[in-house]
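These are the residues of each chain, in order.
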Amino acid sequence: MPDGSGGAPPRAVIFLGPPGAGKGTQAKAVAGRFGLAHISTGDMFRDHMSRNTPLGEQAKKFVQSGGLVPDEVVLGMVGDRISQPDCKNGFVLDGFPRTKPQAEALAETLRNRPWGKPLVIYFAVDSDQLLRRLTGRRTCKVGGEIYNVYDCPPKVPGRCDNDGGELFQRPDDREEVIRERLSQYEAQTRPLVDYYQGAGSLAEVNAMGPQAEVTGRVLEVMARPR
Ligand SMILES: [Zn+2]
């Protein structure tokens, strides 16, 4: 297993997968093993907005009105982020692109950069299992701890182990909301998956099962010679 920069060629890695597939967790777990920076679009937004950069100011307008941040703003942030020294060996991009036009614009941004063709890892999930995982989520009203009635239940049903707080289901975690989110994701992402498949960049990883097992599968794909 490569452990950091040890002569490995620099590379751009993109994690694709539906909400709840564990991309962020896996990106955190694997990026450092290859000396890559972990770029989460959520972190990038918060960073620009808290520093009040021109891109952050632009993003803020859309975020505050509940709108989607335009592609050129996100791409500006990505371009800026991958120019940072910690991306010298490459990076794992998690949360972007989400659409085919974004993927095409990203390819343009990556042109003439040192990382070559990106490796795109698609987190494949069983939608019924994913639905169960997401709809089982309960949040503590007091401390915000997260439980899952199926996979990680509290000791006393409906009560937080730490502070006894009442556990509730966030409106976002209700089944009809999640079904809608997943089907939107599917419609948006199918062309993106096809695009990367056509470019010979796509590797699929089974994202179901224990976290550590999924990490093993991701590491295996990333360690393959190109
Ligand atoms: Zn609690």
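Everything here concerns the structure above.
Remember, predicted model here, so these are calculated numbers, not experimental data. Within any chain, residue numbers begin from 1 and follow the written order of that chain's sequence. Given that this is a predicted model, residues contribute local features only at a pLDDT of at least 70 and side-chain atom pairs are listed and counted only at 80 or more, while totals for whole chains, interfaces and linings are drawn from all residues. Side-chain numbers here rest on the full set of heavy atoms in the structure, without hydrogens or water.

Peer 1: Before we move on, could you go through the coordination of the zinc ion and cite the residues and values that matter?
Peer 2: Metal-coordinating donors are taken as N, O and S atoms lying within 2.8 Å of the metal, or within 3.2 Å when the metal is Na, K or Ca; because water is left out, some sites can appear incomplete. Around the zinc ion, the donor atoms from the protein are Cys140 (SG), Glu145 (OE), Cys160 (SG), Asp163 (OD) and Asp163 (OD), and they sit 2.2 to 2.4 Å away. Coordination of the zinc ion draws on donor residues from a single chain, spaced C-x4-E-x14-C-x2-D in sequence. Of this pair, Glu145 sits in the loop between strand E5 (137–140) and strand E6 (146–148) while Cys160 sits in the loop between E6 and strand E7 (167–168); the two residues are 15 residues apart in sequence, bridging distant segments of the chain. For helices the rule is a DSSP run of H or I covering at least 4 residues; for strands it is a run of E covering at least 2, with both sets numbered from the N terminus onward.

Peer 1: Summarise the packing of aromatic side chains; cite the residues concerned and give the values.
Peer 2: Each aromatic pair joins two rings of Phe, Tyr and Trp (for Trp, the six-membered one) with centres within 6.5 Å, and gets the label stacked for planes under 30 degrees apart, edge-to-face for over 60, and tilted for any other angle. Overall, the coordinates contain 3 aromatic pairs when judged by the stated rule. Here the aromatic rings of Phe15 and Phe123 are separated by 5.0 Å at their centres, their planes lie at 55 degrees, and the arrangement is tilted. Taken as a pair, Phe15 in strand E1 (residues 11–16) and Phe123 in strand E4 (residues 119–124) lie far apart in primary sequence, 108 residues in all. Buried residues are those whose accessible area, probed at 1.4 Å on protein chains only, stays under 20% of the maximum for their type, while exposed residues exceed 50% and partly exposed ones sit between those limits. For Phe15, a relative accessible area of 1% gives the class buried. Under the relative-accessibility criterion, Phe123 is labelled buried at 0%.

Peer 1: I'd like a description of the sheet that holds E6, backed by residues and values.
Peer 2: Strand order in the open sheet formed by 3 strands is E6-E5-E7, with antiparallel pairing between adjacent strands. Whereas interior strands pair on both sides, the edge strands pair on one side only; in this sheet they are E6 and E7. Only heavy atoms matter for contacts: two residues are in contact if any of them lie within 4.5 Å across the pair. Orientation is described by axes fitted as lines to C-alpha atoms, over the contacting stretch for helices, and by angles from 0 to 180 degrees between their N-to-C directions. Across the sheet, helix H6 (residues 127–135) touches E5 and E6, and the angle it forms with E5 is around 15 degrees. One bridge is not enough; two strands pair if DSSP finds at least two bridges between them.

Peer 1: Could you give an account of the side chain of His48, naming the residues involved and the relevant values?
Peer 2: On the secondary structure map, His48 appears in helix H2 (residues 41–50). Here His48 falls in the buried class, since its relative accessible area comes to 4%. Whenever two N or O atoms come within 3.5 Å, that pair is a polar contact, provided that in protein one can donate a hydrogen and the other can accept it, and provided that, for residues adjacent in sequence, both atoms are side-chain atoms. Within the local environment of His48, its side chain forms a polar contact with the side chain of Thr53, the two groups lying 2.8 Å apart. Setting aside residues up to four positions removed in sequence, His48 forms contacts with Thr53, Leu55, Gly56, Met77 and Asp80.

Peer 1: Pulling in residues and values, what's your account of the nonpolar core?
Peer 2: Side chains that are nonpolar tend, in soluble globular proteins, to be buried together. Here, nonpolar core refers to any group of buried Ala, Val, Leu, Ile, Met, Phe, Trp, Tyr and Cys residues whose side-chain atoms link them within 4.5 Å. The biggest cluster of nonpolar side chains holds 32 residues, and the ones touching the most others in it are Leu16, Phe91, Leu106 and Tyr196. Examining the composition of this core, we find that 5 residues originate from one element, helix H4 (residues 71–81), more than from any other. Not counting the four nearest positions on each side in its chain, Tyr196 is found in contact with Ile14, Leu16, Pro97, Ala103, Leu106, Val120, Ser201 and Leu202. Counting residues in each nonpolar core, the second largest holds 20 residues, with Phe123, Val205, Val214 and Leu219 among its members.

Peer 1: Quick rundown of the side chain of Asn148? Include the residues and the values.
Peer 2: Secondary-structure assignment places Asn148 in strand E6. By relative accessible area, Asn148 is classed as buried at 8%. A polar contact is formed between the side chain of Asn148 and the backbone oxygen of Arg133, at a distance of 2.6 Å. For Asn148, the contacting residues outside a window of four places in its chain are Arg132, Arg133, Gly136, Arg137 and Pro153.

Peer 1: Tell me about the pairing of strand E3 (residues 90–94), and name the residues and values.
Peer 2: Burial within E3 is extensive, with 5 of its 5 residues counted as buried. As paired strands, E1 and E3 are joined by 5 bridges and run parallel to one another. Within the sheet, the bridge partner assigned to Arg11 lies in E3 and is Gly90.

Peer 1: Explain the pattern of salt bridges to me, using residue names and the numbers behind them.
Peer 2: For this analysis, a salt bridge means a side-chain nitrogen from Lys or Arg found within 4 Å of a carboxyl oxygen belonging to Asp or Glu. For the coordinates displayed, the defined rule picks out 16 salt bridges. The closest approach of N and O atoms between Arg46 and Asp43, which form a salt bridge, is 2.9 Å. Taken together, the residues Arg46 and Asp43, both in helix H2 and 3 residues apart, mark about one turn of the helix. One salt bridge in this structure joins Glu213 and Arg217, with 3.5 Å as the shortest N-O distance. Pair noted here: Glu213 and Arg217 are both in helix H8 (residues 211–223), with a separation of 4 residues, about one helical turn. Overall, the relative accessible area of 44% leaves Glu213 in the partly exposed class. With relative accessibility at 25%, the residue Arg217 sits in the partly exposed group. It is possible to trace a salt-bridge network through shared partners that takes in Arg137, Arg170, Asp172 and Asp173.

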